[in-house]
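Secondary and tertiary structure notes
Chain residues, written in single-letter form:
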Amino acid sequence: GMPLPATGENPMFKQLFPQRVDNTYRGYKLALWFFALVVLMKVGMSLNSIFNGYFVASSADGIPLDTFTSAGAQTVVSLFAIWGLAQLVICLLCILVVVRYRSMIPFMFALLLLEHLSRKLILHFLPIAKTGTPPGFAVNLVLLALMIVGLALSLRSQDNLRAQE
C-alpha cells in the first residue's frame, strides 16, 4: 500500500490523525464551541427520537405515520428510537473527547460529517416518503454548516499559520 506521510510532512494529517491521543487541542477555540453546539443539538435530537419518536417522525421529518398501519407506524417509531440510541452513543464519545481527549476533536468532526453525509447519500438512493417540507431539513442544514466550518477551524492550528507566513 501507500506509505503514510512522514510526521513532519502534513500538519493537517497530523491533526486529523494525532499520534498521541491527549487533551492538547491546536485548532481555533471557536471550533470547540461549534463542536459543543453540534453535540448538544445531536443529544437533544437523539433523546427526542428515543422518547418522542412518533412526534419527531411525523412532524420534524414529515413522515405520514397516520396513513400507515399501526404495525407500520410502530416499526418506524422503533427504528427512530434505535437510530436515536446509536446517535446518543456517538454523542457520549464526543462528550468524552471534549472533556478528556481534545486532540481528537478534528477526527470526531470528520466522523460526524462522514456519518451525516453518508446518511444523506443513503436517503438519496433509498428515500423516505415525506409530506410537505419538514422543518428537520433546516436543522440538518445548520448542523452541516457547523460541522464543515468547525472541522476547517479545528484543522487550522497556530503552527500552520506561523508556517505559512
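Above this note sits the structure.
A few points on the structure. (Residues numbered from 1 in each chain as written. Predicted model: local features only at pLDDT ≥ 70, side-chain atom pairs only at ≥ 80, totals over all residues. Heavy atoms only, no water.)

1. Quick notes on the packing of helix H3 (residues 53-60) against helix H4 (residues 70-100)
Packing of H3 against H4 leaves a shortest axis separation of 8 Å and a crossing angle of 100°. The angle between H3 and H4 places the two elements in the roughly perpendicular class. Across from Gly53, Tyr54, Val56 and Ala57 in H3, the residues of H4 making contact are Ala73, Val76, Val77 and Phe80. Residues that form the contact of H3 with H4 fall into these classes: seven nonpolar, one polar and no charged. (Axes fitted to C-alpha atoms, helices over the stretch in contact; angles between N-to-C directions. Helix = DSSP H or I, 4+ residues; strand = E, 2+ residues; numbered from the N terminus. Parallel < 35°, antiparallel > 145°, perpendicular 65-115°, else oblique. Contact = heavy atoms within 4.5 Å. Nonpolar A, V, L, I, M, F, W, Y, C, P; charged D, E, K, R; others polar.)

2. Overview of the nonpolar core
Phe35, Ile105 and Phe109 are the most contacted members of the largest nonpolar core, which totals 26 residues. In contact with Phe109, not counting residues within four places along its chain, are Ala31, Phe34, Phe35, Leu146, Met147, Gly150, Leu151 and Ser154. In this structure, Val56, Ala57, Ile63 and Ala73 belong to the second largest nonpolar core, which totals eight residues. (Core = buried A, V, L, I, M, F, W, Y, C linked by side-chain atoms within 4.5 Å. Buried < 20%, exposed > 50% of the residue type's maximum accessible area, 1.4 Å probe, protein only.)

3. Quick look at the layout of surface pockets
Approximately 1100 Å³ is the volume found for the largest pocket. Around the largest pocket sit 41 residues that line it, and Asp61, Phe80, Arg119, Leu123 and Lys130 are the ones nearest its centre. Counting residues per element, the ones that place at least two in the lining of the largest pocket are helix H2 (29-51), H3, H4, helix H5 (105-125) and helix H6 (136-155). Ranked by residue count, the leading element in the lining of the largest pocket is H5, at nine residues. (1 Å grid on protein atoms, 1.4 Å probe; cavity = no way out; pocket = protein on both sides within 12 Å on 5 of 7 lines; lining within 4 Å. Points joined across faces, edges and corners; volume = space filled by probe spheres on them.)

4. Observations regarding the side chain of Ser49
One can find Ser49 in helix H2. Filtering out sequence-adjacent residues up to four positions away, Ser49 remains in contact with Val56, Phe80, Ala81, Trp83 and Gly84.

5. Quick look at H4
Spanning 31 residues, H4 covers 45 Å between terminal C-alpha atoms, matching the ideal 45 Å at 1.5 Å per step. Looking at H4, one finds that the buried residues are Ala73, Val76, Val77, Phe80, Gly84, Gln87, Leu88, Cys91, Cys94 and Val97. (Expected span 1.5 Å × (residues − 1).)

6. Section: the pattern of salt bridges
The tally for this structure, following the rule as stated, stands at one salt bridge. Taking the shortest distance from any N to any O, the salt bridge between Glu115 and Arg119 comes out at 2.8 Å. Here Glu115 and its partner Arg119 are both found in helix H5, four residues apart, which amounts to about one turn of the helix. (Salt bridge = Lys/Arg side-chain N within 4 Å of Asp/Glu carboxyl O.)

7. Comments concerning H5
With 21 residues, H5 should cover 30 Å at 1.5 Å per step; its first-to-last C-alpha distance of 30 Å lies within 8% of that length. Residues of H5 that are buried: Ile105, Pro106, Met108, Phe109, Leu112, Leu113, His116 and Arg119. Those residues of H5 hidden inside the fold are in contact with helix H1 (11-16), H2, H4 and H6.

Honestly, that's just the spatial picture; any functional story needs more than this.
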